Amino acid sequence: MPDLSTSVSALRAEFDTALGAVTSAADLQAVRDRFLGRKQGLVTALYAEIGNAPADQKREIGRLANELKQAVEAGLEARKAVLGRAAIRTPGLDLTLAPRPLPVGSRHPLNAMRERIERIFVRMGYEILDGPEAEDDWHNFEALNMPADHPARDAQDTLYLEAPFVQGTRATGAPGAGVTLRPATLLRTHTSAMQIRYMERHAPPVRIIAPGRVYRRDNLDLTHTPMFQQVEALVVGEQVTMADLKGTLLGFAREFFDPKTPIMFKPSFFPYTEPSAEVFVGCQSCFGSGCSMCKRTGWIEIGGSGMVHPSVFEAVGIDPERYTGFAFGMGIERLALLAHRVDDIRAFYENDLRFLEQFAS
Ligand SMILES: [Zn+2]
């Protein structure tokens, strides 16, 4: 009669080894069948031996067999739980697959354009200003030589933030009831308001650019959006002349477009400059010979400019007899349309990744 306790220990060791090699549910089932199978199971066979054992040993053998069976069942359950957790943690994990590329963003073409313009002016010694998009009437209009009844206000379809308040009396002789309605706050219609804010606090010399969003009550079409970006420049000092203005714009155009780009001034009118001029650059599509982009003229308008009006200097307490200055403003979207040869301004605001990805850098 072999020592049953020894064979129980051997069986236990055999089970532990088999269980340690299990890596799948199929492995686990095979181990279960091998030890607990109804006909061939090794533990089942142990029970069969109880019947052949001497009467005084049956009780002891039964106890050992029960212990072993419980240990085997517990071991199988524990292994099953571990396999289940692993399956949840790594569903179909295939370490040989190539990694998925991570989507990497890039700067918006209008931001990239704004930074490119800023870099050019910073190299020329300009300071970059940021200012409020909600402005008051004084900075947006009045100090820029556009008093309440100035017709130029109508040309800038203003978006007002608050109901107009009443200023003036019947004695002021304003039209209608003799009362002038003046808006308290508005969304700035141009970045020129920043010129006033800066000159109120700084004595000449002044050399600034103010890039930023401006708002007009415009309908959305190929070339207009109710919100767009401008970059405005202001230079004030002694003996600043129109020649300085033209030289600065020529330098910018040649840096921004092409080293041979010509510029042209066309007399114009703005309330805050005198004289005033619209600024044109040679068409970048046809180089002067005429195409649909420049409407057969060979020139493309990029903005407005002029010498600072003496009334503007007076509004901010700068002596117009001693100081002169120039200012110009350009639309950043317009420059982006020209530089990237895009024909619909709305494309920049629709957030279509297929469009934006073309400008990724
Ligand atoms: Zn052209």
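If you check an unreviewed UniProt entry, the protein appears there as Phenylalanine--tRNA ligase alpha subunit from Luteitalea pratensis. We quote the UniProt Subcellular location (unreviewed entry) comment for the protein here in full: "Cytoplasm".

Asker: Describe the overall build of the protein, naming the residues involved and giving the relevant values.
Answerer: Each helix and strand in the protein was counted, giving 12 helices and 11 strands. Its C-alpha radius of gyration of 42 Å places the protein more than 25% over the 21 Å reference for a compact globule of 361 residues. Burial statistics for the protein: of 361 residues in total, 41% are counted as buried. Counting contacts in the protein only where the partners sit at least 6 residues apart, residues at least 24 apart contribute 64% of the total. Of the roughly 20500 Å² that the protein leaves accessible, carbon and sulfur atoms contribute 54%. Across the protein, 40 positive and 45 negative side-chain charges occur, with their mean positions spaced 7 Å apart.

Asker: I'd like a rundown of the coordination of the zinc ion, residues and numbers included.
Answerer: Coordination of the zinc ion by the protein is provided by C283 (SG), C286 (SG), C291 (SG) and C294 (SG), with metal-donor distances spanning 2.2 to 2.3 Å. Around the zinc ion, the 4 donor atoms are arranged such that angles at the metal cover 105 to 113°; this shape is classified as tetrahedral. Mapped onto the polypeptide sequence, the residues donating to the zinc ion form the spacing pattern C-x2-C-x4-C-x2-C. Accessibility classification places C283 together with C286 in one group, the buried group.

Asker: Before we move on, can you summarise the domain arrangement of the protein with the specific residues and values?
Answerer: On domain assignment, one finds that the protein holds domain 1 (4–89) and domain 2 (109–359). Averaged C-alpha coordinates put domain 1 and domain 2 at centres separated by 87 Å.

Asker: Let's hear about the side chain of T189: which residues, and what values?
Answerer: Relative to the assigned elements, T189 resides in the loop between strand 5 (185–187) and helix 8 (193–201). Under the relative-accessibility criterion, T189 is labelled buried at 0%. Polar contacts involving the side chain of T189 include one to the side chain of N140, which spans 3.0 Å.

Asker: Hey, could you go over the confidence of the model for the protein for me, with residue numbers and the actual values?
Answerer: Per-residue confidence for the protein gives a mean pLDDT of 85, with 90% of residues at or over 70. Least confident of the elements in the protein is strand 3 (residues 165–167), whose mean pLDDT is 53; most confident is strand 11 (residues 324–331), at 95. This model gives residues 168–178 a pLDDT under 50, and the stretch forms 7 contacts once residues within four places in sequence are excluded.

Asker: Give a detailed account of the side chain of S276, specifying residues and quantitative values.
Answerer: Inspection of the secondary structure assignment puts S276 in strand 9 (residues 273–282). Side-chain polar atoms of S276 contact the backbone nitrogen of F270, separated by 3.3 Å. Beyond its immediate sequence surroundings of up to four residues, S276 is in contact with K266, P267, S268, F269, F270, S305 and G306.

Asker: Give a detailed account of the UniProt feature "binding site: Mg(2+)" (unreviewed entry) in the protein, specifying residues and quantitative values.
Answerer: With numbering matched to this structure, UniProt assigns "binding site: Mg(2+)" (unreviewed entry) to E274. Residue position: E274 is located in strand 9. By relative accessible area, which is 47% here, E274 ends up partly exposed. In this structure, E274 is in contact with M307 and H309, ignoring residues within four places of it in sequence.

Asker: With reference to specific residues and values, describe the sheet that holds strand 6 (residues 206–215).
Answerer: The sheet built from 7 strands is open, its strands ordered 1-6-7-11-10-9-8 with mixed pairing. This sheet does not close on itself; its edge strands, each paired only once, are strand 1 (127–128) and strand 8 (263–270). Where strand 9 meets strand 10 (residues 299–308), 8 bridges bridge the pair, whose relative direction is antiparallel. If you follow V279 over to strand 10, its bridge partner there is G303. Each of strand 1, strand 6, strand 7 (227–237) and strand 11 is contacted by helix 5 (residues 109–123), which is oriented at about 165° to strand 6, the strand it contacts most.

Asker: Give me the packing of aromatic side chains: which residues, what numbers.
Answerer: The description of an aromatic ring pair rests on the distance of the ring centres and on the angle between the ring planes. Applying the stated criterion across every chain, the model contains 11 aromatic pairs. Between the aromatic rings of F15 and F35, the centroid separation amounts to 5.2 Å while the plane-to-plane angle is 80°, which identifies the pairing as edge-to-face. Pair noted here: F15 is in helix 1 (residues 4–20) and F35 is in helix 2 (residues 25–36), with a separation of 20 residues, a long-range link. Just as F15 is buried, F35 falls in that class too. Judged by centre distance (5.2 Å) and plane angle (75°), the rings of F121 and Y126 are edge-to-face. A residue is classified by how much of its surface remains accessible, and F121, at 0% relative accessible area, is buried. On the basis of relative accessible area, Y126 is assigned to the buried category, the value being 8%. Three or more aromatic residues joined by ring pairs form one cluster here, namely F121, Y126, F252, F256, F257, F326 and F328. Between R116 and the ring centre of F256, over which it is positioned, the NZ or CZ distance is 4.2 Å. Between K246 and the ring centre of F265, over which it is positioned, the NZ or CZ distance is 5.3 Å.

Asker: Break down the environment of R213 for me, with residues and values.
Answerer: Relative to the elements of secondary structure, R213 occurs in strand 6. Sequence separation between R213 and M227 is 14 residues; the distance between their C-alpha atoms is 6.6 Å. Within the local environment of R213, its side chain forms a polar contact with the side chain of E133, the two groups lying 3.3 Å apart.

What counts and what doesn't
Residues numbered from 1 in each chain as written. Predicted model: local features only at pLDDT ≥ 70, side-chain atom pairs only at ≥ 80, totals over all residues. Heavy atoms only, no water. UniProt positions renumbered as here; feature names shortened; annotations may be inferred. Helix = DSSP H or I, 4+ residues; strand = E, 2+ residues; numbered from the N terminus. Rg over C-alpha atoms; globule rule 2.2 N^0.38 Å. Buried < 20%, exposed > 50% of the residue type's maximum accessible area, 1.4 Å probe, protein only. Contact = heavy atoms within 4.5 Å. Areas by Shrake-Rupley, 256 points an atom, 1.4 Å probe, with all protein chains shown as cover. Lys, Arg positive; Asp, Glu negative; His and termini not counted. Charge placed at Lys NZ, Arg CZ, Asp CG, Glu CD. Donors = N, O, S within 2.8 Å, 3.2 Å for Na, K, Ca; no water. Tetrahedral: all angles 85-135°; square planar, octahedral: opposite > 155°, others 65-115°. Domains from an automatic or database assignment. Polar contact = N/O pair within 3.5 Å; in protein donor to acceptor, adjacent residues only side chain to side chain. pLDDT = per-residue confidence, 0-100. Pairing = 2+ DSSP bridges. Axes fitted to C-alpha atoms, helices over the stretch in contact; angles between N-to-C directions. Phe/Tyr/Trp six-rings, centres within 6.5 Å; stacked < 30°, edge-to-face > 60°. Lys NZ or Arg CZ within 6 Å of the ring centre and 35° of its normal.

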